[in-house]
Amino acid sequence: MTRAALKTSRSKSPKRSYQTLLKEVVFLLEAARRGSIRAINSFMTATYWKIGRRIVELEQGGEERAAYGIGQLPRLSEDLTQRFGRGFSVDNLENMRRFYLAHKSRRISETPSRKSSASPADLFPLPWSHYVRLLAVEDPGARAFYEEEALRGGWSVRQLDRQISTLFYERTALSRDKIAMLRRGRKARAGERPTAEEEIKSSLVLEFLGLKDEYSENTLEEALIHHLEHFLLELGNDFTFVARQKRLRIGNEWYRIDLLFFHRRLRCLVVIDLKVGKFNHADAGQMNLYLNYAGEHWGQPDENPPIGMILCTKGDQAVAKYALGNLSHKVFMTEYRLALPDEKKLGKEIDKARKALEKTGKLLSPAGVRG
């Protein structure tokens, strides 16, 4: 080894070399993860397009509006859910039907070996969640614009939702400097770009792959929901578990209810919404929306109106509030108050669980012992 080479070799810090290696390996793994997710999303979207085509062409004879085909969706949803699990609700099947109708011109061959057929990644380069959000855009020109900009700018679904909600298409059309508008629109705000890990643990991807919820339940909010579920069930026999992360669609918007119980003594549904943050009036308004929907679509004629429970945690304080829906009689309101857990007790329980979770990063058992 020459003197110059020896000097260069000695000048390389082992610590610096390792950091370079770590950086390169992390880059490779994240790139591979994102590439895998893109491939999964493309095949998932192409599959849902095919399902939509089956619903329209095979059951409806190609008609865009046919009572027979739509009437078969509840049965199809039940059969698919029993066989494949979540992800095949009536609303989601209707999304697949609408998605196919909006993109009938994009033909997918049933035989991938044909050289003439485009790959799913070429036909549907965006994730399924993006296309579902785009279905709410009625103007075909605006929809095509948002799809193109989402692809060009690498928008997350949160970024796409913000741009649609703030009429980015219309604002760009009216702008004198359209190029500058497009440049600004492609910049993501804080928290809008998901990490590779978040993309892999997307509930839509997990449902498509047939994986269980536990793979994605590592966030503070999800862990608190689990703990709250066990805590309420251990209070006695009154609370009966119905669903977790119950999805509902109001207009063109999708929502998720964190927990849904049935209270046997009160004979009503209990809608629970957990907020990792401070309580505000918007939370009460959203809960009222949930209660109206639950009362109309999920309740039975012999049941009482549903009630809501809003749990918020911020800093060192946790707040629990009840929303009693359409209960106007004081007698009933008093009865409900007596039958439900004390608000302060609930707040303290959530606060204790949150502090333990933030400290250990582990899910608590119902008794409050680390599991």
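Use the structure listed above.
Presented here is an overview of the structure given in this document. (Residues numbered from 1 in each chain as written. Predicted model: local features only at pLDDT ≥ 70, side-chain atom pairs only at ≥ 80, totals over all residues. Heavy atoms only, no water.)

### Digging into the side chain of Ser77
Residue position: Ser77 is located in helix H4 (residues 73-84). Within the structure, the side chain of Ser77 is placed 2.6 Å from the backbone oxygen of Phe88, a separation counted as a polar contact. (Helix = DSSP H or I, 4+ residues; strand = E, 2+ residues; numbered from the N terminus. Polar contact = N/O pair within 3.5 Å; in protein donor to acceptor, adjacent residues only side chain to side chain.)

### A few points about the pattern of salt bridges
Inspection of every chain in the model, using the stated rule, returns six salt bridges. A salt bridge links Arg152 to Glu148; the shortest N-O distance between them is 2.7 Å. Of this pair, Arg152 and Glu148 both sit in helix H8 (residues 140-153), four residues apart, which is roughly one turn of the helix. Looking at Arg152, the relative accessible area reads 45%, which means it is partly exposed. Notably, a salt bridge pairs Arg265 with Asp238, separated by 3.3 Å at the nearest N-O pair. You can see Arg265 sitting in the loop between strand S2 (253-263) and strand S3 (268-275) and its partner Asp238 sitting in the loop between helix H14 (220-233) and strand S1 (239-250), a full 27 residues away along the chain. (Salt bridge = Lys/Arg side-chain N within 4 Å of Asp/Glu carboxyl O. Buried < 20%, exposed > 50% of the residue type's maximum accessible area, 1.4 Å probe, protein only.)

### Details of the layout of surface pockets
One number sums up the size of the second largest pocket: a volume of about 640 Å³. Contributions of two or more residues to the lining of the second largest pocket are made by H4, helix H5 (90-102), S1, S2 and helix H15 (281-297). Of all the elements, S1 adds the most residues to the lining of the second largest pocket, at seven residues. (1 Å grid on protein atoms, 1.4 Å probe; cavity = no way out; pocket = protein on both sides within 12 Å on 5 of 7 lines; lining within 4 Å. Points joined across faces, edges and corners; volume = space filled by probe spheres on them.)

### Remarks on H8
Structurally, the α-helix is built with 3.6 residues per turn, so residues lying three or four positions apart point the same way. Compared with an ideal rise of 1.5 Å per residue, which puts 14 residues at 20 Å, H8 spans 20 Å between its outermost C-alpha atoms and is within 8% of the ideal. Here H8 has its buried residues at Ala142, Arg143, Phe145, Tyr146, Glu147, Glu149, Ala150 and Gly153. Where H8 is buried, its residues touch H5, helix H7 (128-134), helix H9 (157-165), helix H10 (168-174) and helix H11 (178-185). Sitting at the amino-terminal end of H8 is Asp139, which places a side-chain oxygen 3.1 Å from the backbone nitrogen of Gly141. After H8 finishes, the residue Gly154 shows a positive phi value of roughly 65 degrees. (Expected span 1.5 Å × (residues − 1). Contact = heavy atoms within 4.5 Å.)

### Describing the packing of aromatic side chains
Here a ring pair, both rings aromatic, is described through the centre-centre distance and the interplanar angle of the planes. Applying the stated rule across the entire model yields 17 aromatic pairs. Taking the centre distance of 5.2 Å and the plane angle of 50 degrees together, the rings of Phe99 and Phe124 count as tilted. Remark: Phe124 occurs in the loop between helix H6 (120-123) and H7 and Phe99 occurs in helix H5; sequence separation between them is 25 residues. Since its relative accessible area comes to 0%, Phe99 is described here as buried. The exposure class assigned to Phe124 is buried, which follows from its relative accessible area of 0%. (Phe/Tyr/Trp six-rings, centres within 6.5 Å; stacked < 30°, edge-to-face > 60°.)

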